[in-house]
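Structural characterization, general
These are the residues of each chain, in order.
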Amino acid sequence: MKIKRIDHIVLTVADIPRALRFYHEVFDMPIISQKQTGGCVRCGHQLIEFQTPTQPQSLTAAKPTSGSAAICIVAADPVENILNHLASYYIPLVAGPLKKEGAEGQMTAIYINDYDQNLVEIASYK
């Protein structure tokens, strides 16, 4: 088997409209579908889908829990622009900027939490 890429991930959140709004407004990810029992945004060539612990999708992890995920997204912007953008939304940093090795080589990482306390790493390869 030759794996090509990740198609989508599913985040468990407490409030689907709030999660969709956060990822759409803060990261400018287009909303692909929106309903009370789920929804998703486009992240580059991948999707981020949302479910709640009380209404998980039909096939799901053994214990879907809000705030248990850690994801890394790659931004096309320089770190200074990312920091200014997050500050304009009053999003506090958890950590960073930190130099580290990513899938494409040396990157700078900034860490924040979404409203459900999922850890979101924002990577810049610039």
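You'll find the structure just up there.
To keep things clear, this report deals only with the structure shown in the data block.

Criteria and cut-off values
Residues numbered from 1 in each chain as written. Predicted model: local features only at pLDDT ≥ 70, side-chain atom pairs only at ≥ 80, totals over all residues. Heavy atoms only, no water. Helix = DSSP H or I, 4+ residues; strand = E, 2+ residues; numbered from the N terminus. Buried < 20%, exposed > 50% of the residue type's maximum accessible area, 1.4 Å probe, protein only. Contact = heavy atoms within 4.5 Å. Polar contact = N/O pair within 3.5 Å; in protein donor to acceptor, adjacent residues only side chain to side chain. Pairing = 2+ DSSP bridges. Axes fitted to C-alpha atoms, helices over the stretch in contact; angles between N-to-C directions.

**Re the environment of Ser66**
Note that Ser66 resides in the loop between β4 (46-51) and β5 (70-75). In this structure Ser66 comes out as partly exposed when scored by relative accessible area, which is 27%. Separated by 50 residues in sequence, Ser66 and Asp116 place their C-alpha atoms 6.1 Å apart. Setting aside chain neighbours within four positions, we find Ser66 in contact with Thr12, Val13, Ala14, Pro53 and Asp116. Within polar-contact distance, the side chain of Ser66 engages the side chain of Asp116 at 3.1 Å.

**Some details on the environment of Leu11**
Counting through the fold element by element, Leu11 comes out in strand β1 (residues 8-12). Sequence-wise, Leu11 and Thr52 are 41 residues apart; in three dimensions their C-alpha atoms are separated by 8.3 Å. Apart from residues no more than four positions distant in its own chain, Leu11 is found in contact with Tyr23, Ile48, Glu49, Phe50, Gln51, Ala69, Ile71, Asp114 and Asn118.

**Let's talk about the pairing of strand β3 (residues 38-43)**
For β3, a buried count of five out of six residues is recorded, marking the element as mostly surrounded by other parts of the structure. Here strand β2 (residues 31-35) pairs with β3 via four bridges, running antiparallel. Within the sheet, the bridge partner assigned to Ser33 lies in β3 and is Cys40. Of the pairings in the sheet, the one linking β3 to β4 comprises five bridges and is antiparallel in character.

**A closer look at the sheet that holds strand β6 (residues 95-102)**
Ordered in space as β5-β8-β7-β6, the four strands form an open sheet in which the pairing is mixed. Whereas interior strands pair on both sides, the edge strands pair on one side only; in this sheet they are β5 and β6. This sheet shows a mean twist of 30 degrees between the axes of neighbouring strands, independent of strand direction. Where β6 meets strand β7 (residues 105-113), six bridges bridge the pair, whose relative direction is antiparallel. Following the sheet pairing, Lys99 is matched in β7 by Thr108. Contacts between helix α2 (residues 79-88) and the sheet are confined to β5, β6, β7 and β8 (119-124), with β7 contributing the most and set at about 5 degrees to the helix.

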